[in-house]
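So you can see what is in the structure, the chains are spelled out below.
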Amino acid sequence: DITQLVVLIDDLDRCLPETAIATLEAVRLFLQVPKTVFVVAADEAMIEYSVRRHFPELPIPAAGMTSFARSYLEKLIQVPFRVPALGLAETRAYVTLLLVGAAVGEADNDFIKLLAAAREDLRRPWQSNGLDRKAVHKALDGNIPPPIDEALKVSEHISRQLTDGTRGNPRQIKRFLNSLMLRRAIAEERGFGGDIQTPVLAKIMLAERFLPEIGSESCRERV
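Residues numbered from 1 in each chain as written. Predicted model: local features only at pLDDT ≥ 70, side-chain atom pairs only at ≥ 80, totals over all residues. Heavy atoms only, no water.

## Here we look at the nonpolar core
Considering soluble globular proteins, one finds that nonpolar side chains tend to be buried as a cluster. Operational definition: As used here, the term nonpolar core means buried Ala, Val, Leu, Ile, Met, Phe, Trp, Tyr and Cys residues forming a set that is joined through side-chain atoms within 4.5 Å. When a residue's accessible area, from a 1.4 Å probe over protein chains only, is under 20% of the maximum for its type it is buried; when over 50% it is exposed; and in between it is partly exposed. Secondary structure elements follow DSSP: runs of H or I no shorter than four residues count as helices, runs of E no shorter than two count as strands, and numbering proceeds from the N terminus. In what follows, a contact means two residues having at least one pair of non-hydrogen atoms within 4.5 Å.
Judged by nonpolar contacts, the single largest core of 28 residues is most densely connected at Leu114, Val136, Ile158 and Leu177. Mapped by element, the contributors of at least two residues to this core are helix H4 (88–104), helix H5 (109–121), helix H6 (133–139), helix H7 (146–166), helix H8 (170–189) and helix H9 (198–210). Not counting residues within four places of it along the chain, the set of residues in contact with valine 136 comprises Leu114, Leu131, Ile144, Ile148 and Leu152. The next biggest cluster of nonpolar side chains, apart from the first, holds 12 residues, and it includes Leu24, Val27, Ala69 and Tyr72.

## Focus on the pattern of salt bridges
Under the convention used in this document: Salt bridge, as used here, is a side-chain nitrogen of Lys or Arg placed within 4 Å of a carboxyl oxygen of Asp or Glu.
For the structure on display, the rule yields 13 salt bridges. Between arginine 82 and glutamate 44 there is a salt bridge whose closest N-O contact spans 3.0 Å. Here the residue arginine 82 occupies a position in the loop between helix H3 (68–76) and H4, and glutamate 44 occupies one in helix H2 (residues 44–54), the gap between them amounting to 38 residues. In this structure arginine 82 comes out as exposed when scored by relative accessible area, which is 53%. On the accessibility criterion, glutamate 44 (29% relative accessible area) is partly exposed. With its nearest N and O atoms 3.6 Å apart, the salt bridge here joins aspartate 149 to lysine 153. Of this pair, aspartate 149 and lysine 153 both sit in helix H7, four residues apart, which is roughly one turn of that helix. In the salt-bridge network here, residues are joined through shared partners; they are Glu44, Glu48, Arg70 and Arg82.

## Points about a nonpolar patch on the surface
For clarity, the threshold we go by: The patches reported here contain residues having more than 30% relative accessible area and no salt bridge. Joining distances are 9 Å for like charges and 5 Å for nonpolar side chains (Val, Leu, Ile, Met, Phe, Trp, Tyr). Every accessible area reported is derived by Shrake-Rupley at a probe size of 1.4 Å, with residue values counting cover from the shown protein chains alone.
Residues Val6, Leu8, Val37 and Val39 make up a contiguous nonpolar surface patch of about 340 Å² in total accessible area. Listing elements by their share of the nonpolar patch, those giving two or more residues are strand S1 (5–9) and strand S2 (36–40). Among the structural elements, valine 39 can be located in strand S2.

## Topic: the side chain of serine 128
Filter applied, for reference: Pairing of N or O atoms within 3.5 Å defines a polar contact, subject to two protein rules: one partner must be a possible hydrogen donor and the other a possible acceptor, and residues neighboring in sequence count only if both atoms are side-chain atoms.
Mapping serine 128 onto the fold places it in the loop between H5 and H6. Among the polar contacts listed, one links the side chain of serine 128 to the side chain of aspartate 121, at a separation of 2.3 Å. The residues touching serine 128, leaving out its near neighbours within four places in the chain, are Ala89, Asp121 and Leu122.

## With respect to the environment of phenylalanine 176
Of note, phenylalanine 176 is situated in helix H8. Remark: the alpha-carbon pair of phenylalanine 176 and phenylalanine 30, spanning 146 residues in sequence, is separated by 40 Å.

## Topic: the pairing of S1
Rules: In this scheme, strands are said to pair when DSSP sees at least two bridges between them. A clockwise path from the first strand over the helix to the second, with the strands pointing away from the viewer, defines a right-handed crossover.
Inspection of the sheet shows S1 paired to S2 by five bridges, in the parallel sense. Within S2, the position partnered with leucine 5 by the bridge is threonine 36. Regarding topology, helix H1 (residues 17–29) serves as the crossover connection from S1 to the parallel S2, and that connection is right-handed.

Rendered as structure tokens:
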């Protein structure tokens with residue numbers, strides 16, 4: 001009486017190579033079972049590495065030929081889908097929502113309004129500016145509370161640099177914002193949070209992250 005069985009396998013690339021291959025081999029045994037679909041989320045390059053590790057004696061393919069690791073995946077994965085990198089509009093909306101959610105909580109009515117506005121706006125990302133100040137002003141009926149205004153300022157300052165520096169990788173963007181909020185929280189606990197301008201702190205952290213020479217010993221000596 002089952003209409004369809006869908007098996008979701010996430011983060012397969014985070015497993016040890018032996019575990020990743022064992023999982024794929026188990027999937028392969030059930031590929032011909034009616035009404036059954038497997039959805040595998042993984043970094044393709046890491047899975048190819050696992051295949052090469054599992055079959056170390058395979059010959060190196062001649063120029064222009066597909067490697068065995070690639071052929072293995074192509075025979076197993078019948079419908080590949082590659083998640084596109086975030087563009088500037090998507091990054092700005094993502095950053096704004098993460099910062100607003102951290103500031104007011106994801107159950108807050110204003111956050112829910114902004115989330116709905118972002119979803120509607122990003123239906124056509126090629127026409128979107130992300131959750132910029134104009135879009136937020138409209139979504140909140142002209143009333144932007146101070147915590148959301150602060151989140152907007154930070155987003156306006158860092159979204160383009162984060163888009164370019166991370167190549168639109170949402171995991172790296174989230175890690176950057178986690179570090180930013182942690183530093184902000186430490187400053188508050190130590191009693192000098194009022195002296196910290198979050199947009200300025202974010203800019204300094206961008207320099208640390210994408211301009212490694214800023215932290216070099218020679219640079220510190222000059223400072």
